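Structure at a glance
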Amino acid sequence: MLSDSELGELLEQFDGAVRQGIAISREDQRHWQQVWFEAHRSGQWRARFLRWLRPQDRLGLVRVDSLAMDLAADCPQKASPGEDLLLRVLQVDSLRDQLRLVASAS
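Quick caveat: nothing in here was measured; it's all calculated off a predicted structure.

A closer look at the side chain of Gln-33
- Along the chain, Gln-33 turns up in helix H1 (residues 4-39).
- We classify Gln-33 as buried; its relative accessible area is 18%.
- Discounting chain neighbours no more than four positions away, the residues touching Gln-33 are Met-69 and Leu-71.

Encoded structure:
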């Protein structure tokens, strides 16, 4: 049987491993999104504005139902939740970990 301190130590190790796994999964997902957008860089998708992430930088969160993704994008300054937008790729480079999307009024 483990003591409280031994159990606490095991839980800390487990928590660190889980956090590392989540970070790796997010990095992998971001990379493959970038690869996909590189192959579809001339595409356009209907999106719905969800909320501001950094309004001072015009960075908002948009939902693209056809891709089942919520993505950060440059958005019109006066965008409001529920507004329909048109999303396109402004810049993408999966080797440099770069993806910049822009949403405009549809």
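There's plenty left to go through after this.
So, the layout of surface pockets
- Empty space within the largest pocket amounts to approximately 210 Å³.
- Every residue lining the largest pocket is counted, 16 residues in all, and those nearest its centre are Ala-72, Ala-73, Leu-99, Arg-100 and Leu-101.
- Those elements that provide at least two residues to the lining of the largest pocket are H1, strand S3 (69-74) and strand S5 (98-105).
- If one sorts the elements of the lining of the largest pocket by residue count, S3 sits on top with 5 residues.
- Each residue belonging to the lining of the largest pocket can be placed in one class, and the counts come to 6 nonpolar, 3 polar and 7 charged.
- There is about 170 Å³ of room inside the second largest pocket.
- Forming the walls of the second largest pocket are Arg-26, Gln-29, Arg-30 and Gln-33.
- Broken down by class, the residue content of the lining of the second largest pocket amounts to no nonpolar, 2 polar and 2 charged.

Here we look at the pairing of strand S1 (residues 44-54)
- Where S1 lies against strand S4 (residues 84-93), 5 bridges are found, and the strand directions are antiparallel. The residue of S4 that forms the bridge with Arg-46 is Leu-86.
- Taken together, the 5 bridges between S1 and strand S2 (residues 59-64) define a ladder with antiparallel strand orientation. Opposite Arg-48, over in S2, you have Arg-63 as the bridge partner.
- The hairpin turn running from S1 into S2, its antiparallel successor, is 4 residues long, and Arg-58 in that turn takes a positive phi close to 60 degrees.

Here's the deal with the pattern of salt bridges
- Tallied over the entire structure, the rule returns 8 salt bridges.
- Among the ionic pairs, Arg-30 bridges to Asp-97, the shortest N-O distance being 3.0 Å. A residue pair is termed long-range when its members are at least 10 positions apart, and Arg-30 in helix H1 and Asp-97 in the loop between S4 and S5 qualify at 67 residues.
- Using a relative accessible area of 37% as the deciding quantity, one classes Arg-30 as partly exposed.
- Residue Asp-97 is classed as partly exposed on the basis of its relative accessible area, which comes to 41%.
- Here Asp-70 and Arg-63 are joined by a salt bridge, their closest N and O atoms 3.1 Å apart.
- Its relative accessible area of 25% is what places Arg-63 among the partly exposed residues.
- One salt-bridge network, in which partners are shared between bridges, spans Arg-48, Arg-63, Asp-65 and Asp-70.

About the thresholds
Residues numbered from 1 in each chain as written. Predicted model: local features only at pLDDT ≥ 70, side-chain atom pairs only at ≥ 80, totals over all residues. Heavy atoms only, no water. Helix = DSSP H or I, 4+ residues; strand = E, 2+ residues; numbered from the N terminus. Buried < 20%, exposed > 50% of the residue type's maximum accessible area, 1.4 Å probe, protein only. Contact = heavy atoms within 4.5 Å. 1 Å grid on protein atoms, 1.4 Å probe; cavity = no way out; pocket = protein on both sides within 12 Å on 5 of 7 lines; lining within 4 Å. Points joined across faces, edges and corners; volume = space filled by probe spheres on them. Nonpolar A, V, L, I, M, F, W, Y, C, P; charged D, E, K, R; others polar. Pairing = 2+ DSSP bridges. Salt bridge = Lys/Arg side-chain N within 4 Å of Asp/Glu carboxyl O.

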